[in-house]
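# Close look at the chain arrangement
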Amino acid sequence: SILIIGACGQIGTELTLALRDKHGKENVIASDIREGSENLMDSGPFEVLDATDYDALEEIVAYYEISEVYLMAAMLSATAEKFPMRAWNLNMNSLFNVLNLGKEKKVDKIFWPSSIAVFGPNTPKEHTLQSTIMEPSTVYGISKQSGERWCEYYHHKFGVDVRSIRYPGLISWKTMPGGGTTDYAVEIYHKALSEGTYTCFLKEDTELPMMFMDDAIRATLQLMEVDKENVKVRASYNLAAMSFTPAQIAEQIKKHIKDFKISYKPDFRQAIADSWPSSIDDSKARTDWGWQARFDLENTTKEMLENLAP
Ligand code: VAH
């Protein structure tokens, strides 16, 4: 069966629902550091699990006969800047625990999320390549860059079948995002509906790579289904769908909520955003496993406002 670590997070929640749809709810074990929302708990097996506790993880893997692990627990970019050592320990020790399960042949397949945060201030910002300069300047980005190197090492050295995607900022309505720099692109829809205004913590022209959650989930399941030999990148695949600025997302919202007002009050997260690319080249994912995004800013906005509308 399948184990999701960090099942209550922004991606973990939707990954759990999608995997339960696909494999049957009894075959997908959800776990997180604390009890989750009831719909996650009721819809199948749930375990409280600290992803940095190898023995506890090993016990769950043995008890439920887990063959596949999705490690979705991490401290994201903005929070990680406030607690660097806690972020490093969580992001890295959880990864080592899961990779070692793979090395010990206790699980067959692993998914681990990376991020466009692996790129840094001197990475070429437009259509950023799969393999290019990456000197991340955030704790989170450093942990993701190191994690990619370890995934590649465990694959080549020990044959671990670990697969990874560099997610852009993700936009979803089923859960609130968890302390990232791209969270503005989710908050803005909630505020547009509840207050008709939004004060954005990034400057209006901050262009960032983004993706609607449905695309991200579909890409994740697609990559995990691909035959081993077609997974040519064992660090992490670039993935793209759209890029936009706060001003552009505000314009889209105004098409539905005509008197929506946005104002700008950049904070510490501006420096994080400025260190990231504005657009991503995902041609490797397209070539190796047929990736193709479906949601652009227009239909993402429609989906978000329709599903969040009171
Ligand atoms: C963050 N949502 O903002 C995450 C993601 C590319 C952004 O890694 O930290």
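Values in this document were obtained by computation on a predicted structure and should not be read as measured data.

In this section: the overall build of the protein chain. Across its full length, the protein chain holds 12 helices and 14 strands. Taking 19 Å as the expected radius of gyration for a compact globule of 310 residues, we find that the protein chain reaches 19 Å, a close match to that expectation. Overall size of the protein chain, expressed as C-alpha extent along the three principal axes, is 55 × 45 × 40 Å. Counting every position in the protein chain, which comprises 310 residues, the buried fraction comes to 55%. Counting contacts in the protein chain only where the partners sit at least 6 residues apart, residues at least 24 apart contribute 78% of the total.

Our focus in this paragraph is the pairing of strand S2 (residues 28-32). Burial runs high along S2: 5 of the 5 residues are buried. Judged by which residues are buried, S2 turns out to be covered on both faces: Val28, Ala30 and Asp32 on one side and Ile29 and Ser31 on the other are all buried. Bridge count between strand S1 (residues 2-5) and S2: 4 bridges; the pairing is parallel. Bridged to isoleucine 2 within S2 is valine 28.

With that settled, consider the pairing of S1. Residues Ile2 and Ile4 of S1 are buried on one face, and the alternating residues Leu3 and Ile5, pointing to the opposite face, are buried as well. A crossover links S1 with its parallel partner S2, the connecting element being helix H1 (residues 10-23), and its sense is right-handed. Here S1 pairs with strand S4 (residues 68-71) via 4 bridges, running parallel. Paired with isoleucine 5 across the bridge in S4 is leucine 71.

What follows concerns the site of the ligand. Around the ligand sit Leu76, Ser77, Ser115, Ile116, Tyr140, Tyr167, Pro168, Gly169, Gly180, Thr181, Thr182 and Trp276, and that is every residue in its neighbourhood. Take serine 115: an N or O atom from its side chain is 2.8 Å from an oxygen atom of the ligand. A distance of 3.1 Å is found between a nitrogen atom of the ligand and a side-chain nitrogen or oxygen belonging to threonine 182. In isolation the ligand exposes 270 Å². Once the protein is present, 95% of that is buried. Broken down by class, the residue content of the shell around the ligand amounts to 6 nonpolar, 6 polar and no charged.

The strand order S6-S8-S12 describes an open sheet built from 3 strands, whose pairing is parallel. Each end of this open sheet is capped by a strand with a single partner; those strands are strand S6 (114-115) and strand S12 (237-238). In terms of strand pairing, strand S8 (residues 165-167) meets S12 through 2 bridges, oriented parallel. By the bridge assignment for S12, isoleucine 165 is matched with tyrosine 237. Packed on one face of the sheet, helix H8 (residues 213-225) meets S8 and S12 and runs near 175° to S8.

Phi at glutamate 65 takes a positive value of approximately 50°, unusual for a residue other than glycine. Phi is positive for lysine 105, which is not a glycine, with a value near 60°. By secondary structure assignment, the location of lysine 105 is in the loop between helix H5 (84-103) and strand S5 (109-111).

Quick look at the nonpolar core now. In terms of nonpolar packing, the biggest core is built from 42 residues, with Ile171, Tyr184, Tyr189, Phe244, Ile249 and Phe260 touching the most fellow members. Contributing elements (two or more residues each) for this core: helix H6 (139-158), helix H7 (184-194), strand S10 (197-200), strand S11 (208-212), strand S13 (242-244), helix H9 (246-254), helix H10 (269-274) and helix H12 (297-308). A total of 6 residues in this core trace back to one element, the largest contributor, which is H7. Other than its neighbours up to four places away in sequence, tyrosine 184 contacts Tyr198, Cys200, Phe201, Leu202, Met210, Phe244, Thr245, Pro246 and Ile249.

A few words on the sheet that holds S4. Spatially, 6 strands are ordered S3-S2-S1-S4-S5-S7 in an open sheet, and the strand pairing comes out parallel. On the outer flanks of this sheet lie strand S3 (46-48) and strand S7 (162-163), each paired with one strand and no other. With 3 bridges connecting them, S2 and S3 associate as parallel partners. Residue aspartate 32 lies in a different strand from S3, and its bridge partner there is valine 48.

A few words on H9. Within the span of H9, buried status applies to Pro246, Ile249, Ala250, Gln252 and Ile253. In an axial view of H9, the angular spread of the buried residues amounts to 160°, which keeps them on one side of the axis. Each element contacted by the buried residues of H9 is listed here: H7, S10, S13, strand S14 (261-264) and H12.

As enumerated under the stated definition, the model contains 13 aromatic pairs in all. Their ring planes at 55° and their centres at 6.1 Å tell us that phenylalanine 111 and tyrosine 167 sit as a pair that is tilted. Here phenylalanine 111 is found in strand S5, whereas its partner tyrosine 167 is found in strand S8, with 56 residues between them in sequence. In this structure phenylalanine 111 comes out as buried when scored by relative accessible area, which is 0%.

Reading the values: rules and limits
- Residues numbered from 1 in each chain as written.
- Predicted model: local features only at pLDDT ≥ 70, side-chain atom pairs only at ≥ 80, totals over all residues.
- Heavy atoms only, no water.
- Helix = DSSP H or I, 4+ residues; strand = E, 2+ residues; numbered from the N terminus.
- Rg over C-alpha atoms; globule rule 2.2 N^0.38 Å.
- Buried < 20%, exposed > 50% of the residue type's maximum accessible area, 1.4 Å probe, protein only.
- Contact = heavy atoms within 4.5 Å.
- Pairing = 2+ DSSP bridges.
- Right-handed = clockwise from strand over helix to strand, strands pointing away.
- Near = heavy atom within 4 Å.
- Polar contact = N/O pair within 3.5 Å; in protein donor to acceptor, adjacent residues only side chain to side chain.
- Areas by Shrake-Rupley, 256 points an atom, 1.4 Å probe, with all protein chains shown as cover.
- Nonpolar A, V, L, I, M, F, W, Y, C, P; charged D, E, K, R; others polar.
- Axes fitted to C-alpha atoms, helices over the stretch in contact; angles between N-to-C directions.
- Core = buried A, V, L, I, M, F, W, Y, C linked by side-chain atoms within 4.5 Å.
- Arc of directions from axis to C-beta.
- Phe/Tyr/Trp six-rings, centres within 6.5 Å; stacked < 30°, edge-to-face > 60°.

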